[in-house]
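Reading the structure
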Amino acid sequence: MAETRESTEQRSFPRSAACLPEIFDFIDAFFRKAAIADEHRLPIHFAVEELFTNLVKYSKGGTRDIRLELKREGARLAVSLTDFDVPEFDMRKTADVDVTKDIKDRKPGGLGIHLTKRMFDDIGYEYVDGRSTTTFFKALE
Amino acid sequence: MLDIRVDDKGVILLSGRFDASQAAKAETFMAAVTESRILDLGELQYISSLGLGVLLATQKRLMGRGHTLKLVNLKGHVREVFHYAGFDAIFSIDPLPGA
């Protein structure tokens, strides 16, 4: 039977990596409420952690809480992170990391965003009046 | 929460979640590792790039001294992340002996 469930939750979190356990709990609660298969949960944790910590570290001028929105649209999950009063940052345009380099030339920087791009085929971005929103889409099959 | 234990054979066992909120704890532990060790990740459910960075830094430091970390028993999400990161080329990754 086709899945037609629709569900949306959003919450804002202070700009601190210490919030990550609370963020993961929020995601897990949404997965239970929206009846989303557990196989999709850890990739969503990964993408949200990587972008959230990147925004905390590098969004110049960002002082407001970061908003996380989870939306089930039938057979698709949309996960958005919105940062306010910050410069544009479209992770889709960041350079890929060369993961074939010898260990002596490897550095951890940029790896999280690179891996997130590898995990998600469909990533959206919108920048309006200082409001920067990245959305990860996941097919729920 | 990340849990770090050492068994009676000196194998380091990581379990739980290795995310950015746990990186400092892992860095402190790994800084004290000064020779070749086996790292059993069989009970590690999740790792992010901060966790990968801690392991990469440890491996680079140990290899500079002629030692290495050997990773065993990677599963699911953790194995997938290691593969995407190209870490299967810079770490020795094996299943547990006898597994």
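Each remark here, short or long, concerns the structure printed above.
The sections below set out a description of the structure shown in this document. (Residues numbered from 1 in each chain as written. Chains lettered and ligands numbered in written order. Predicted model: local features only at pLDDT ≥ 70, side-chain atom pairs only at ≥ 80, totals over all residues.)

**Let's talk about the overall build of chain B**
Helices and strands together make up the secondary structure of chain B, namely 3 helices and 5 strands. Start at the N end of chain B and walk to the C end: the helices and strands fall as β-β-α-β-α-β-α-β. In chain B, once contacts between residues fewer than 6 apart in sequence are set aside, the share between residues at least 24 apart is 66%. (Helix = DSSP H or I, 4+ residues; strand = E, 2+ residues; numbered from the N terminus. Contact = placed C-beta atoms within 7 Å.)

**Some points on helix 2 (residues 41-58) of chain A**
Its 18 residues place the ends of helix 2 of chain A 26 Å apart at the C-alpha level, agreeing with the 26 Å of an ideal helix rising 1.5 Å per residue. For helix 2 of chain A, the full list of buried residues reads Leu42(A), Ile44(A), His45(A), Phe46(A), Ala47(A), Val48(A), Glu49(A), Glu50(A), Leu51(A), Phe52(A), Thr53(A) and Asn54(A). (Expected span 1.5 Å × (residues − 1). Buried ≥ 20, exposed ≤ 12 C-beta atoms within 10 Å, placed from the backbone.)

**Some details on the sheet that holds strand 1 (residues 2-6) of chain B**
All names here are of chain B. Taken together, 5 strands build an open sheet; the order of strands is 1-2-3-4-5 and the sheet is mixed. In this open sheet, the two edge strands, each paired with only one partner strand, are strand 1 and strand 5 (92-94). Taking each pair of neighbouring strands and ignoring which way they run, the sheet shows an average axis angle of 25 degrees. Across 5 bridges, strand 1 lies against strand 2 (residues 12-18) in antiparallel orientation. Following the sheet pairing, Ile4 is matched in strand 2 by Leu14. Sheet contacts for helix 3 (residues 76-84): strand 3 (37-47) and strand 5; angle to strand 3, the most-contacted strand, approximately 110 degrees. (Pairing = 2+ DSSP bridges. Axes fitted to C-alpha atoms, helices over the stretch in contact; angles between N-to-C directions.)

**Looking at the packing of helix 2 of chain A against helix 3 (residues 111-119) of chain A**
All names here are of chain A. In the contact formed by helix 2 and helix 3, the axes pass within 9 Å of each other and the chain directions differ by 145 degrees. Crossing geometry of helix 2 relative to helix 3 is assigned as left-handed. Taken together, the residues of helix 3 that come into contact with helix 2 (itself represented by Pro43, Phe46, Ala47, Glu50, Leu51 and Asn54) are Gly112, Ile113, Thr116 and Met119. For the contact of helix 2 with helix 3, the class distribution of residues is 6 nonpolar, 3 polar and 1 charged. (Left-handed = near helix turned anticlockwise from the far one by under 90°. Nonpolar A, V, L, I, M, F, W, Y, C, P; charged D, E, K, R; others polar.)

**Remarks on the interface of chain A and chain B**
With 19 residues of chain A at the interface, the matching set in chain B holds 19 residues. Every element with two or more residues in the side of chain A that touches chain B is listed here: helix 1 (20-33), helix 2 and helix 3 of chain A. With 6 residues, the single largest contributor to the side of chain A that touches chain B is helix 2 of chain A. Classifying every residue of the side of chain A that touches chain B by side-chain character gives 11 nonpolar, 4 polar and 4 charged.

**A few points about the sheet that holds strand 3 (residues 76-83) of chain A**
Sheets are built from strands that pair by backbone hydrogen bonding, the pairs being arranged parallel or antiparallel. All names here are of chain A. With respect to topology, 5 strands assemble into an open sheet ordered 1-2-3-5-4, the strand pairing being antiparallel. Each end of this open sheet is capped by a strand with a single partner; those strands are strand 1 (6-13) and strand 4 (122-128). Along the sheet, successive strands turn relative to each other by an average axial angle of 15 degrees, direction set aside. Where strand 1 meets strand 2 (residues 66-73), 8 bridges bridge the pair, whose relative direction is antiparallel. Bridging across to strand 2, Glu6 finds its partner in Glu73. On top of the sheet, helix 2 reaches strand 2, strand 3 and strand 5 (131-139); it is set at about 10 degrees to strand 3, its chief contact.

**Notes on the pairing of strand 3 of chain A**
Residues and elements named next belong to chain A. Where strand 2 meets strand 3, 7 bridges bridge the pair, whose relative direction is antiparallel. Its bridge partner being in strand 3, Leu70 is matched across the sheet by Val79. Adjacent in sequence and paired antiparallel, strand 2 and strand 3 are bridged by 2 residues, among which Gly74 carries a positive phi angle near 65 degrees. Where strand 3 and strand 5 come together, 8 bridges link them in antiparallel fashion. Following the sheet pairing, Ala78 is matched in strand 5 by Phe137.

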